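# What the coordinates show
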Amino acid sequence: MTATHTPAPAGAATEGSTGQQLYMATPPTFDSPAEERAHRKAKLAAAFRMFSKAGLDEGVAGHITVRDPAAPDTFWVNPFGMHFSMIKSSDLVRVNEDGQVVEGDRAVNGAAVAIHCAVHAARPDVLAAAHAHGPAGKTLSSLEVGIEPLTQDSCAFYEDVGLHDTFTGVVLDREEGRRIGVALGSHKAVILRNHGMLTVGTTVDSAAWWFLTLERTAQCQLTAYAAAAGIGKPPRRISHEEAELTRSQVGYEFAGWFQFQPIWERISAAEPELFD
């Protein structure tokens, strides 16, 4: 694996005190599919541990997936019933597009198969998808609202969230998974009515970060409206023009990848067993 660097983007300091050019990390390149597979699986294990630290685990609900670099019609997913905080690379299970386990010996959540097989099939550009039952996301999904441009962070999702507007119970039907894929469309996220939210990305890093910040965005929106009811004034929305501009600054894929890196550094250093 080779770490690459790129000149700092607009908005970052580009010159040090002695005049040297400053650089920042970018996604690494790999010498083989096996090396890339190990990296993706480690990032996936770290993403589950991040979800646990953020309170995004609830019983056996929730799943994150990533395509296999050598067999992109298959994906890696968490074993059914294993706590997010304990998942290691070696625990992950590989599933094909028909939902059959092709590597690993543990059962897989049927909802993960129904949803993620369909999402990966609908979006060949997507390498990873994340879904969990976060409290704010569940709450917002039960209301007749979407994500509104109330804060800088919320603008990452401005006009970039689909809506699956039906609820038919636990998603175990492949056709229901297909409809979720249609509702996602070309967006980075989709609200699943009366269920929760799902995010996607071109890396595990971005898919996981989009989910974490979307959950927090939902929490802030719910809090803002609760406070607004108390003072008798609605929350102040960011204008269309400013929301579009801010999305271009904080809502692109590299930004999602980069936001995950401090989390990755902390978890991988503190919990090296995730590489096992």
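Before reading on, note that the structure itself is shown above.
### Observations regarding the sheet that holds strand β6 (residues 101-103)
Across the sheet, 8 strands lie side by side as β6-β5-β4-β3-β7-β10-β9-β8; this open sheet has mixed pairing. Both edges of this open sheet fall to β6 and β8 (161-164), since each of them pairs with a single strand only. For this sheet, the mean angle separating the axes of adjacent strands, direction not counted, is 25°. Examined bridge by bridge, strand β3 (residues 63-67) and strand β7 (residues 128-132) share 4 bridges and lie antiparallel to one another. Across the sheet, the residue bridging to V66 is A128, located in β7. Sheet strands in contact with helix α1 (residues 33-53) are β3, β4 (74-77) and β7, and its direction is about 165° off that of β3. Lying on the sheet, helix α5 (residues 204-231) is in contact with β3, β7, β9 (189-192) and β10 (196-201); it crosses β10 at an angle near 150°.

### Considerations on a negative patch on the surface
Negative charge collects at one region of the surface, where E159, E241, E242 and E244 lie side by side. Tracing the backbone shows E242 in helix α6 (residues 240-250). By relative accessible area, which is 43% here, E242 ends up partly exposed.

### Considerations on the pairing of β9
With burial as the criterion, each face of β9 is covered, one bearing A189 and I191 and the other bearing V190 and L192. The sheet contact formed by β9 and β10 spans 4 bridges and is antiparallel. Within the sheet, the bridge partner assigned to I191 lies in β10 and is M197. Between β9 and β10, which pair antiparallel one after the other, the connecting turn spans 3 residues, and N194 there sits at a positive phi close to 60°.

### A few points about the pairing of β3
Of all 5 residues that make up β3, 5 are buried, and the element is covered over most of its length. Across the two faces of β3 the burial is the same, with H63, T65 and R67 and I64 and V66 all buried. Joining the antiparallel neighbours β3 and β4 is a turn of 6 residues.

### As for the nonpolar core
Counting residues in hydrophobic clusters, the biggest one holds 41 residues, and the most contacted among them are L44, M50, F51 and F260. Listing elements by their share of this core, those giving two or more residues are α1, β3, β7, α3 (135-141), β9, α5 and α7 (253-270). Element by element, the count of residues in this core is highest for α5, at 9 residues. Residues in contact with F51, not counting those within four places in the same chain, are L56, D57, I64, F84, A130, A132, A208 and F211. Core analysis: the second largest hydrophobic core is formed by 13 residues, A114, V119, L192 and L198 among them.

### Things to note about the side chain of R67
Tracing the sequence through the fold places R67 in strand β3. One buried charged side chain, R67, makes no salt bridge at all; its nearest oppositely charged neighbour is D125, positioned 6.6 Å away. Polar side-chain contacts of R67 include one of 2.6 Å to the backbone oxygen of H120. Here V126 takes part through its backbone oxygen, which lies 2.7 Å from a polar atom of the side chain of R67. Excluding its chain neighbours within four sequence positions, the residues that come into contact with R67 are R40, P72, T74, F75, H120, R123, P124, V126 and L127.

About the criteria used
Residues numbered from 1 in each chain as written. Predicted model: local features only at pLDDT ≥ 70, side-chain atom pairs only at ≥ 80, totals over all residues. Heavy atoms only, no water. Pairing = 2+ DSSP bridges. Helix = DSSP H or I, 4+ residues; strand = E, 2+ residues; numbered from the N terminus. Axes fitted to C-alpha atoms, helices over the stretch in contact; angles between N-to-C directions. Contact = heavy atoms within 4.5 Å. Patch = residues over 30% accessible without salt bridge, like charges linked within 9 Å, V, L, I, M, F, W, Y side chains within 5 Å. Areas by Shrake-Rupley, 256 points an atom, 1.4 Å probe, with all protein chains shown as cover. Salt bridge = Lys/Arg side-chain N within 4 Å of Asp/Glu carboxyl O. Lys, Arg positive; Asp, Glu negative; His and termini not counted. Charge placed at Lys NZ, Arg CZ, Asp CG, Glu CD. Buried < 20%, exposed > 50% of the residue type's maximum accessible area, 1.4 Å probe, protein only. Core = buried A, V, L, I, M, F, W, Y, C linked by side-chain atoms within 4.5 Å. Polar contact = N/O pair within 3.5 Å; in protein donor to acceptor, adjacent residues only side chain to side chain.

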